[in-house]
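What follows is each chain in one-letter form.
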Amino acid sequence: MATITRGKVLRELSSRGRGTCPLCERTRIKLLYDYDISGVVKKVCKNCRPKKL
Ligand SMILES: [Zn+2]
């Protein structure tokens, strides 16, 4: 699977992949990871991403 967290693909995402993280509420941070919050998948920042198994 191609990475979507690096390079020019970020430019093509909405807001260039940046926004406000719903967990830590930092603004203009890169939202790169899917996070399932009570059934709703949201993008979260690197710090809040689910830990790798
Ligand atoms: Zn966060």
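Above this text sits the structure in question.
Summarised in this report is the structure supplied together with it. Since we're looking at a predicted model, the values are computed, not measured.

## Thoughts on the coordination of the zinc ion
For the zinc ion, every protein donor is listed as Cys-21 (SG), Cys-24 (SG), Cys-45 (SG) and Cys-48 (SG), and the spread of their distances is 2.2 to 2.4 Å. Of note is the zinc ion, whose four donor atoms meet at the metal with angles of 104 to 117° in an arrangement that counts as tetrahedral. For the zinc ion, the single-chain donor residues occur in sequence as C-x2-C-x20-C-x2-C. Here the residue Cys-24 occupies a position in the loop between β1 (18–19) and β2 (29–30), and Cys-45 occupies one in the segment after β4 (40–44), the gap between them amounting to 21 residues. With relative accessibility at 32%, the residue Cys-24 sits in the partly exposed group.

## Some remarks on the environment of Arg-49
Tracing the chain through its elements places Arg-49 in the segment after β4. As for Arg-49 and Gly-19, which are separated by 30 residues in sequence, their C-alpha atoms are 15 Å apart. In this view, Arg-49 contacts Tyr-33, Tyr-35 and Val-44; residues no more than four positions away in its chain are not counted. A polar side-chain atom of Arg-49 sits 2.7 Å from the main-chain carbonyl oxygen of Lys-46.

## What to know about the nonpolar core
Within soluble globular proteins, side chains that are nonpolar tend to cluster in buried spots. Counting six residues, the largest nonpolar core consists of Cys-21, Ile-29, Leu-31, Val-44, Cys-45 and Cys-48. Among residues more than four places away in sequence, those in contact with Cys-21 are Arg-26, Ile-29, Leu-31, Val-44, Cys-45 and Cys-48.

## As for unusual backbone geometry
Positive phi, close to 60°, is recorded for Glu-25, a residue that is not glycine. On the accessibility criterion, Glu-25 (60% relative accessible area) is exposed. A positive phi angle, close to 55°, is found at Arg-28, a residue other than glycine. Looking at the secondary structure, you find Arg-28 in the loop between β1 and β2.

## Description of the pairing of β4
A regular strand places its side chains on the two faces of the sheet in alternate fashion. Inspection of the sheet shows strand β3 (residues 33–37) paired to β4 by five bridges, in the antiparallel sense. Bridging across to β4, Asp-34 finds its partner in Lys-43. Hairpin connection of β3 to β4: two residues between the antiparallel strands, including Ser-38 at a positive phi of 45°.

Definitions and cut-offs
Residues numbered from 1 in each chain as written. Predicted model: local features only at pLDDT ≥ 70, side-chain atom pairs only at ≥ 80, totals over all residues. Heavy atoms only, no water. Donors = N, O, S within 2.8 Å, 3.2 Å for Na, K, Ca; no water. Tetrahedral: all angles 85-135°; square planar, octahedral: opposite > 155°, others 65-115°. Helix = DSSP H or I, 4+ residues; strand = E, 2+ residues; numbered from the N terminus. Buried < 20%, exposed > 50% of the residue type's maximum accessible area, 1.4 Å probe, protein only. Contact = heavy atoms within 4.5 Å. Polar contact = N/O pair within 3.5 Å; in protein donor to acceptor, adjacent residues only side chain to side chain. Core = buried A, V, L, I, M, F, W, Y, C linked by side-chain atoms within 4.5 Å. Pairing = 2+ DSSP bridges.

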